[in-house]
Amino acid sequence: MGRTAGPRRNAARLGVTALALLVATGLVTACGSGDDGGGGEGGGAATATGVDDGTTLTMWTRAATRPQSEALVKAYNASHKNRIELTVIPTDDYQAKVGAAAGSRDLPDLFASDVVFVPNYTSSGLFADLTERVDALPFADQLAQSHIKAGTYEDKKYVVPHTLDLSVLFYNKDLYRRAELDPEKPPTTLAEWDKHARAVDALGGGVNGTFFGGNCGGCGVFTWWPSIWAAGDDVLNEDGTKASLASDTAKKVYETYRGWVNDDIVAPGARDETGTTWTGVFPKGKTGVMPMPSTTLGLMPKDLDLGVAPIPGPDGGKSTFVGGDAIGISATSKSADQAWNFLAWSLGEKAQVGVVAANKDVVARTDLASNKHSDADPRLVTINELVKDGRTPYALKFGQTFNDPNGPWLTLMRNAVFKDGSSLDKDNEAVSASLAD
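Residues numbered from 1 in each chain as written. Predicted model: local features only at pLDDT ≥ 70, side-chain atom pairs only at ≥ 80, totals over all residues. Heavy atoms only, no water.

1. Some details on the overall build of the protein chain
Here comes step 1: Broken down by element type, the protein chain carries 17 helices and 11 strands.
Here comes step 2: Looking at the protein chain as a whole, 59% of its 437 residues are labelled buried.
Here comes step 3: For the protein chain, the computed accessible surface area is about 16400 Å², with 47% contributed by carbon and sulfur atoms. (Helix = DSSP H or I, 4+ residues; strand = E, 2+ residues; numbered from the N terminus. Buried < 20%, exposed > 50% of the residue type's maximum accessible area, 1.4 Å probe, protein only. Areas by Shrake-Rupley, 256 points an atom, 1.4 Å probe, with all protein chains shown as cover.)

2. Considering the pattern of salt bridges
Here comes step 1: Per the counting criterion, the structure on display carries 15 salt bridges.
Here comes step 2: Linking K252 and D315 is a salt bridge whose minimum nitrogen-to-oxygen distance equals 3.8 Å. Within this pair, whereas K252 is found in helix α11 (residues 248-262), its partner D315 is found in the loop between β9 (311-313) and β10 (316-319), the two being separated by 63 residues in sequence.
Here comes step 3: In this structure K252 comes out as partly exposed when scored by relative accessible area, which is 40%.
Here comes step 4: One salt bridge in this structure joins D367 and R365, with 2.8 Å as the shortest N-O distance.
Here comes step 5: Shared partners join several salt bridges into a network, and the residues in it are R62, D114 and D325. (Salt bridge = Lys/Arg side-chain N within 4 Å of Asp/Glu carboxyl O.)

3. Observations concerning the packing of helix α2 (residues 66-79) against helix α13 (residues 349-356)
Here comes step 1: Across the interface, α2 lies against α13 with an axial gap of 10 Å and an inter-helix angle of 125°. With respect to each other, α2 and α13 are oriented oblique. Regarding α2 and α13, the two cross each other, and that crossing is right-handed. Touching A71, L72 and A75 of α2 are A351, V355 and V356, all from α13.
Here comes step 2: Across the contact of α2 with α13, the residue classes break down as six nonpolar, no polar and no charged. (Axes fitted to C-alpha atoms, helices over the stretch in contact; angles between N-to-C directions. Parallel < 35°, antiparallel > 145°, perpendicular 65-115°, else oblique. Left-handed = near helix turned anticlockwise from the far one by under 90°. Contact = heavy atoms within 4.5 Å. Nonpolar A, V, L, I, M, F, W, Y, C, P; charged D, E, K, R; others polar.)

4. Thoughts on the side chain of D427
Here comes step 1: In this fold, D427 is placed in helix α17 (residues 424-436).
Here comes step 2: Buried charge without a partner: D427 forms no salt bridge, and the closest opposite charge is K426, 6.5 Å away. (Lys, Arg positive; Asp, Glu negative; His and termini not counted.)

5. Structural notes on the packing of aromatic side chains
Here comes step 1: This structure, assessed with the given rule, holds 25 aromatic pairs.
Here comes step 2: Seen in terms of ring centroids, W225 and W229 are 6.1 Å apart; in terms of plane orientation they differ by 75°. Their pairing is edge-to-face. Here W225 pairs with W229, and both are found in helix α10 (residues 225-229), just four residues apart, close to one helical turn.
Here comes step 3: Here the aromatic rings of W225 and F402 are separated by 5.0 Å at their centres, their planes lie at 90°, and the arrangement is edge-to-face. Here F402 lies in helix α15 (residues 398-403) and W225 lies in helix α10, a separation of 177 residues in the sequence.
Here comes step 4: By relative accessible area, which is 0% here, W225 ends up buried.
Here comes step 5: Under the relative-accessibility criterion, F402 is labelled buried at 1%.
Here comes step 6: Sitting over the face of the ring of F139, R365 holds its NZ or CZ atom 3.9 Å from the ring centroid. (Phe/Tyr/Trp six-rings, centres within 6.5 Å; stacked < 30°, edge-to-face > 60°. Lys NZ or Arg CZ within 6 Å of the ring centre and 35° of its normal.)

6. A closer look at the confidence of the model for the protein chain
Here comes step 1: Looking at the protein chain as a whole, its pLDDT mean stands at 90, while 89% of the residues score no less than 70.
Here comes step 2: Predicted confidence for residues 1-18 stays below pLDDT 50, and this span has 59 contacts to residues more than four positions away or in other chains.
Here comes step 3: Scored below 50 in pLDDT, residues 20-46 shows 65 contacts in the model against residues more than four places distant or in partner chains. (pLDDT = per-residue confidence, 0-100.)

7. A few points about the environment of G99
Here comes step 1: Assignment of secondary structure puts G99 in helix α3 (residues 94-103).
Here comes step 2: In the structure, G99 is positioned 27 residues away from L126 in sequence and 9.3 Å away in space, judged by C-alpha atoms.

8. Describing the side chain of S346
Here comes step 1: As for its placement among the helices and strands, S346 is situated in helix α12 (residues 336-347).
Here comes step 2: For S346, a relative accessible area of 4% corresponds to the buried category.
Here comes step 3: When near neighbours in sequence (up to four residues on either side) are disregarded, S346 contacts A351 and Q352.

9. Here's the deal with α17
Here comes step 1: In a regular helix each residue adds 1.5 Å, so 13 residues correspond to 18 Å; α17 covers 18 Å between its end C-alpha atoms and thus fits that length.
Here comes step 2: Inspection of α17 places L424, D427, N428, V431, S432, S434 and L435 among the buried residues, and these make up the whole buried set. Buried residues of α17, seen end-on, are gathered within an arc of 160° and therefore sit on one face of the element. Away from its buried face by more than 90 degrees, α17 exposes K426, E429 and A436.
Here comes step 3: Buried residues along α17 sit in contact with α11, α15 and α16 (408-417). (Expected span 1.5 Å × (residues − 1). Arc of directions from axis to C-beta.)

10. Focus: unusual backbone geometry
Here comes step 1: Positive phi values are uncommon outside glycine, yet D155 reaches one of about 70°.
Here comes step 2: With respect to the element layout, D155 can be found in the loop between β4 (152-153) and β5 (156-157).

11. Brief notes about the nonpolar core
Here comes step 1: Formed by 127 residues in total, the largest nonpolar core has its most connected members in W225, L245, F342, F402 and W409.
Here comes step 2: The element contributing the most residues to this core is α12, with eight residues.
Here comes step 3: Leave out the neighbours within four places in its chain, and L245 touches W225, I228, V235, A250, Y254, F402, W409, L412, L424, N428 and V431. (Core = buried A, V, L, I, M, F, W, Y, C linked by side-chain atoms within 4.5 Å.)

12. Description of the environment of R365
Here comes step 1: Along the polypeptide, R365 turns up in the loop between α13 and α14 (378-385).
Here comes step 2: Placed 226 residues apart in sequence, R365 and F139 show a C-alpha to C-alpha distance of 8.0 Å.
Here comes step 3: With sequence-adjacent residues up to four places away left out, R365 is seen in contact with F139, Q142, L143, L347, G348, E349 and Q352.
Here comes step 4: For R365, the side chain forms a polar contact with the main-chain oxygen of L347, separated by 3.0 Å. (Polar contact = N/O pair within 3.5 Å; in protein donor to acceptor, adjacent residues only side chain to side chain.)

See the structure below:
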């Protein structure tokens, strides 16, 4: 389901549970960050560049973001005295691994996390305080602020963007032409999206208007919520303890999807799609327009003429779910200055353009949205520019509420789209109860 599978990984909730147990027994609190610029035992003065003195650093990342992490580490090791030893951990095992390491005070110097689970780590004191270091960067305001916000706890910043994955609309230009739609004019409202999907679906012959993961809670938050945000509405309160998923805007979104289901506009399998094959439908060339992870662009067939557009709201606007991984320095690292040297470098123009953009990934800085690599493909510019319009939800109980296949969000999704939606208010209350639990 793309390389940033975190918002869409059901098993990840197990790691959050393990972490919660560690916190409850007081094992993690010993890792709390200190008051200095480095945090914890790392210490050190806050500088924009850190120290490059030949120190060997340890770093963990999950398998879902392995290509990006390996590319950055390889480039850094080739150009610096410091050396990073990267360990890639299976995505489904990652949270439990971090929780166990926190309990034994054996965290690596650097570790990345699916950004939606960062609040669990910051509130548990696993990351060092990077506030002064981040603010010292000359491009601090151009960093993906949704990731910075997700990693801010009690007014202190603990992480920076590592890899980004955005939700965007993909549309098949060949099918648009056949349906007599302008291939250079993707939908700018949910109503237009509905119209376009129905026009393509009318072609018949195995062609379908759209598709979505109807049995995948993570797929829903990743692709449905942007339509709500695009209208200027919120889905959660600021501290992630109460849901607003029964608003008038949300109802319009659900009604549109329900109409696709009732009128058979959706490709077969949507009702049972758990996310495992969700991104494999559009590449077959038989689906008109559907929301997808931006990281799948480079995986599309070369002969598939496709366009990319922002996800619109019911009456316009645009937004995106800014997923991916954020990264920080562990609170127990004794080499915070050296670890920061890697983080600062990874956000610099040479790394963002020469490594990230060169690999057709989303850059972490809005001022680099247009660069020598993305300019060769306007679709990449569209994706990069969406970062500033996107959001990353904040909730400590994200996993149990939205990723768990037995959680209340998936129940809300399915009742709202595959049934008549009459239980929406009650289902929203169940989501809020889970968030506040």
